Amino acid sequence: MRVELPLPARIPIDGRFEIDDTCIDCKLCNDLAPDNFDADLDNDVHYVCKQPETPDELERVLDAFESCPTESIRYSAAPSGE
């Protein structure tokens, strides 16, 4: 079960970003936060390759989150033990 959390305002982040299966491979997330998003060319989708670790990365990921045309980027609770 996915738990939606309030978006983080600063580092450290409790939880994580992910891209769901509604991604249409528009490449916007990779354009806005290239250090944090990458493409699976075989399946024409993007994914989070690195969770934001700095304030600058967080700002870029949040920009991608807010700009995603299909709202495919999600912020959810991290599994216990992380």
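Everything that follows concerns the structure shown earlier in this document.
The structure presented is a predicted model; accordingly, all values stated were derived computationally and were not measured.

> Which parts of the structure should I look at to understand the nonpolar core?
In summary, soluble globular proteins display a tendency toward joint burial of nonpolar side chains. Phe 17, Ile 19, Cys 29, Phe 37 and Ile 73 are the most contacted members of the largest nonpolar core, which has 14 residues in total. Elements that contribute at least two residues to this core include exactly strand 1 (16-19), helix 2 (55-67) and strand 4 (73-76). The dominant element in this core, judged by the number of residues it contributes, is helix 2, at four residues.

> I would appreciate a short explanation of the packing of aromatic side chains in the present structure.
Under the definition given, this model contains two aromatic pairs. Ring centres of Phe 17 and Phe 65 lie 6.4 Å apart, and the angle between their planes is 70°; this geometry places the pair in the edge-to-face category. Taken as a pair, Phe 17 in strand 1 and Phe 65 in helix 2 lie far apart in primary sequence, 48 residues in all. A relative accessible area of 2% places Phe 17 in the buried class. The class for Phe 65 is partly exposed, based on a relative accessible area of 23%. Measuring from ring centre to ring centre gives 4.9 Å for Phe 17 and Tyr 75, while their planes differ by 50°; the resulting arrangement is tilted. Within this pair, whereas Phe 17 is found in strand 1, its partner Tyr 75 is found in strand 4, the two being separated by 58 residues in sequence.

Cut-offs used in this document
Residues numbered from 1 in each chain as written. Predicted model: local features only at pLDDT ≥ 70, side-chain atom pairs only at ≥ 80, totals over all residues. Heavy atoms only, no water. Core = buried A, V, L, I, M, F, W, Y, C linked by side-chain atoms within 4.5 Å. Buried < 20%, exposed > 50% of the residue type's maximum accessible area, 1.4 Å probe, protein only. Helix = DSSP H or I, 4+ residues; strand = E, 2+ residues; numbered from the N terminus. Phe/Tyr/Trp six-rings, centres within 6.5 Å; stacked < 30°, edge-to-face > 60°.

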